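# Observations on the model geometry
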2 protein chains.
Amino acid sequence: MGRGKIEIKRIENSTNRQVTYSKRRAGIVKKAKELTVLCDAQVSLLMVSSTDKLHEYVSPTTTHKTVYDKYQQESGSDLWQPHYEKMQGTLKKLKETNNKLRKEIRQRNGEDLDELSFQQLCGLEQNMEKSVECVRNRKFHVITTSSDTFKKKIKNHEETQSSLLREFEERDADFRFPSLDYEGDYQSNIGFANGNPQIFAFRVQPKLQSNLQDEEPYGSYGLSLA
Amino acid sequence: MGRGKIEIKRIENSTNRQVTYSKRRAGIVKKAKELTVLCDAQVSLLMVSSTDKLHEYVSPTTTHKTVYDKYQQESGSDLWQPHYEKMQGTLKKLKETNNKLRKEIRQRNGEDLDELSFQQLCGLEQNMEKSVECVRNRKFHVITTSSDTFKKKIKNHEETQSSLLREFEERDADFRFPSLDYEGDYQSNIGFANGNPQIFAFRVQPKLQSNLQDEEPYGSYGLSLA
DNA sequence: TCGTCTATTTATAACGG
DNA sequence: TCCGTTATAAATAGACG
């Protein structure tokens with residue numbers, strides 16, 4: 001190879017080692033290229049130097065991955081494949097579950113009932129009637145609670161305004177018109193707050209329904225309302 | 001390299017190509033070994049011949065996988081990672097969809113209604129009432145169709161048996177007992193077939209319900225019936 | 001299809017700028 | 001540290017058995 005036979009043994013001088021590494025690396029890469037062209041072979045060559053730098057050569061007809069995959073295939077040491085297959089299995093199961101759930105929803109929505117037997121239809125009907133009752137109860141609970149909250153809010157306003165009124169009256173007894181204006185508002189609010197809850201509910205509902213478009217539609221209910 | 005300068009160009013004679021491949025492969029492997037020892041390097045060398053055979057060399061201090069992992073890390077061209085992440089993303093989405101669907105089912109089952117607004121509850125109730133009507137209609141359709149089918153079957157039996165009876169009577173007028181036996185069955189069947197459909201339905205239903213355990217329970221209806 | 005032998009080419013260690 | 005040069009070892013194409 002050069003001036004005098006060299007012995008194949010670790011080069012202790014690290015500078016020389018690096019120089020030799022560079023030269024010989026080039027040599028191997030050249031050989032690999034020649035092998036690729038001459039013999040129509042596919043070579044994947046990866047080299048890590050003692051300074052932990054990586055150098056490579058791949059035949060232009062392929063990639064490291066392709067060659068490495070072939071190696072894994074041959075050696076049977078593919079650790080990725082089982083993991084991948086497991087994931088795909090999970091994916092498939094989830095999709096199936098999803099489809100079943102969608103179907104159940106469609107059936108609970110009165111569609112896709114063809115394949116249900118008479119008994120199943122009976123069960124479904126019974127269950128839905130029970131469920132709609134739950135919804136109705138919950139609805140009642142919500143509207144009751146929300147009118148209570150409204151009442152409290154109004155009562156709060158009432159108190160704030162009456163104290164404001166008092167303040168105005170105390171501070172400036174000469175001003176009558178502003179006082180009267182406030183008194184007007186005060187009265188109408190009182191009337192509203194003390195109204196029959198039943199009637200109050202009717203008054204609130206249309207206002208809420210007018211906002212329905214702006215609310216995010218929940219699931220398919222939004223569609224089914226249209 | 002040998003007797004006369006060789007040109008680096010594909011060897012067309014496939015036998016020679018293989019011979020050259022073997023010789024040069026040995027040469028590269030030798031070089032790789034020398035690099036490993038001399039320069040304290042780690043080499044992963046994979047070669048695929050034109051006849052699709054794989055040969056390899058790895059430095060004894062490492063493995064192909066280790067070196068390949070380093071290559072992936074350095075080059076950032078990990079082809080598995082994006083795929084893996086994509087799969088995990090799909091998995092996550094499917095799980096979320098699943099949960100949403102389950103929640104919708106629970107809500108259509110009258111549970112988990114706490115976070116629904118009054119408007120949403122109204123929509124849900126309305127939708128469920130519409131849906132239960134669909135189920136009811138379907139149920140009616142099924143029971144009607146199935147009693148029609150039953151009627152036809154029975155009518156068939158009736159005809160078969162009456163023709164049998166006729167045959168018996170015509171063939172052997174002396175045999176009275178068998179005739180009477182058949183007549184008995186015949187009568188009871190007729191009675192059954194001509195029964196009020198309403199009553200017929202009642203007769204069938206208990207029989208079908210007793211088979212309910214054997215039927216595959218559909219989704220959660222099986223549970224909700226219990 | 002092999003291994004072995006050589007005439008040559010190639011690779012490269014050591015050195016010098 | 002990075003060229004180029006050079007003497008020499010190694011690699012190897014082609015031949016032969």
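Residues numbered from 1 in each chain as written. Chains lettered and ligands numbered in written order. Predicted model: local features only at pLDDT ≥ 70, side-chain atom pairs only at ≥ 80, totals over all residues. Heavy atoms only, no water.

The cut-off we apply is this: UniProt positions are given in the numbering used here, feature names are shortened, and annotations may be inferred rather than shown by experiment.
If you check an unreviewed UniProt entry, chain A appears there as MADS domain protein from Leptopyrum fumarioides. Its UniProt record, at the heading Subcellular location (unreviewed entry), says of chain A: "Nucleus".

## Digging into the pattern of salt bridges
Definition in use: Salt bridge, as used here, is a side-chain nitrogen of Lys or Arg placed within 4 Å of a carboxyl oxygen of Asp or Glu. Working definition: with a 1.4 Å probe on protein chains only, accessible area under 20% of the residue-type maximum means buried, over 50% means exposed, and in between means partly exposed. Labels follow the DSSP assignment, with helices taken as runs of H or I lasting at least four residues and strands as runs of E lasting at least two, numbered in each case from the N terminus.
Scanning the entire structure with this criterion turns up 28 salt bridges over all chains. A salt bridge links Arg106 of chain A to Asp112 of chain A; its shortest N-O distance comes to 2.7 Å. For Arg106 of chain A, a relative accessible area of 32% puts it in the partly exposed group. Residue classification places Asp112 of chain A among the partly exposed residues on the basis of a relative accessible area of 32%. Two residues, Arg136 of chain A and Glu129 of chain B, come together in a salt bridge whose shortest N-O distance is 2.3 Å. One end of the pair, Arg136 of chain A, is in helix 4 (residues 118-171); the other, Glu129 of chain B, is in helix 4 (residues 118-171), on a second chain. A relative accessible area of 28% places Arg136 of chain A in the partly exposed class. Here Glu129 of chain B falls in the partly exposed class, since its relative accessible area comes to 33%. Within this structure, Glu125 and Glu129 of chain A together with Glu133, Arg136 and Lys139 of chain B form a network of salt bridges that share partners.

## What to know about the confidence of the model for chain A
Residue and element names in this part refer to chain A. Heads up, the condition is: Per-residue confidence from the predictor is reported as pLDDT, a score between 0 and 100. Contacts are assigned to residue pairs that have any heavy atoms within 4.5 Å of one another.
For chain A, the average pLDDT comes to 76, and 73% of its residues sit at 70 or higher. Helix 6 (residues 197-210) is the least confidently modelled element of chain A, averaging 32 in pLDDT, while strand 1 (residues 42-48) averages 97, the highest of any element. Every residue in residues 174-226 is under pLDDT 50, and counting partners more than four places away or in other chains gives 44 contacts.

## Quick word on the pairing of strand 2 (residues 54-58) of chain B
Residues and elements named next belong to chain B. Applicable threshold: Pairing between strands requires that DSSP locate at least two bridges from one strand to the other.
When strand 1 (residues 42-48) meets strand 2, the two strands line up antiparallel, connected through five bridges. Along strand 2, the bridge assignment pairs Val48 with Leu54. The hairpin formed by strand 1 and strand 2 contains five residues between the paired strands, and Asp52 there has a positive phi angle of roughly 65 degrees.

## Considerations on the UniProt feature "coiled-coil region" (unreviewed entry) in chain A
What UniProt calls "coiled-coil region" (unreviewed entry) maps, in this numbering, to residues 84-111 of chain A. In this annotation, residues 84-111 of chain A is assigned 89% helix and 0% strand; the end-to-end C-alpha distance for the span is 37 Å.

## Here's the deal with the packing of helix 2 (residues 64-75) of chain A against helix 2 (residues 64-75) of chain B
The following threshold applies: Where helices are involved, their axes are fitted lines through C-alpha atoms of the stretch in contact, as for all axes, and angles between N-to-C directions lie from 0 to 180°. By the definition adopted for this analysis, an angle is roughly parallel if under 35 degrees, roughly antiparallel if over 145, roughly perpendicular if from 65 to 115, and oblique otherwise. Handedness of a crossing is defined here by the sense of rotation of the near helix relative to the far one, left-handed for an anticlockwise turn of less than a right angle and right-handed for a clockwise turn. In this classification, Asp, Glu, Lys and Arg are treated as charged, Ala, Val, Leu, Ile, Met, Phe, Trp, Tyr, Cys and Pro as nonpolar, and every other residue, Gly included, as polar.
It is at 12 Å that the axes of helix 2 of chain A and helix 2 of chain B come closest, and there the two elements cross at 160 degrees. On the basis of the axis angle, helix 2 of chain A is roughly antiparallel to helix 2 of chain B. The crossing of helix 2 of chain A and helix 2 of chain B is left-handed. Together, His64, Lys65, Tyr68 and Tyr71 of chain A of helix 2 of chain A and His64, Lys65, Tyr68 and Tyr71 of chain B of helix 2 of chain B make up the contact between the two elements. Residues of the contact of helix 2 of chain A with helix 2 of chain B, tallied by class, amount to four nonpolar, two polar and two charged.

## Section: the interface of chain B and chain A
At the junction of the two partners, chain B supplies 98 residues and chain A supplies 99 residues. Viewed at the interface, chain A and chain B are joined by 14 salt bridges. Measuring nitrogen to oxygen at the nearest pair gives 3.2 Å for the salt bridge that ties Asp40 of chain A to Arg10 of chain B. When residues of the side of chain B that touches chain A are traced back to their parent elements, those giving at least two are helix 1 (14-39), strand 1, strand 2, helix 2, helix 3 (80-108), helix 4, helix 6 (197-210) and helix 7 (221-225) of chain B. If one sorts the elements of the side of chain B that touches chain A by residue count, helix 4 of chain B sits on top with 22 residues. Where strand 1 of chain A lies against strand 1 of chain B, seven bridges are found, and the strand directions are antiparallel. Opposite Val43 of chain A, over in strand 1 of chain B, you have Met47 of chain B as the bridge partner.

## Topic: the sheet that holds strand 2 of chain B
Strands sit in the order 2(A)-1(A)-1(B)-2(B) across an open sheet of four strands; the sheet is antiparallel. Strands with a single pairing partner mark the edges of an open sheet, and in this sheet they are strand 2 (54-58) of chain A together with strand 2 of chain B. Averaged over all neighbouring strand pairs, the angle between strand axes comes to 5 degrees, with direction disregarded. The sheet strands contacting helix 1 (residues 14-39) of chain A are strand 1 and strand 2 of chain A together with strand 1 of chain B, and the helix crosses strand 1 of chain A at an angle near 170 degrees.

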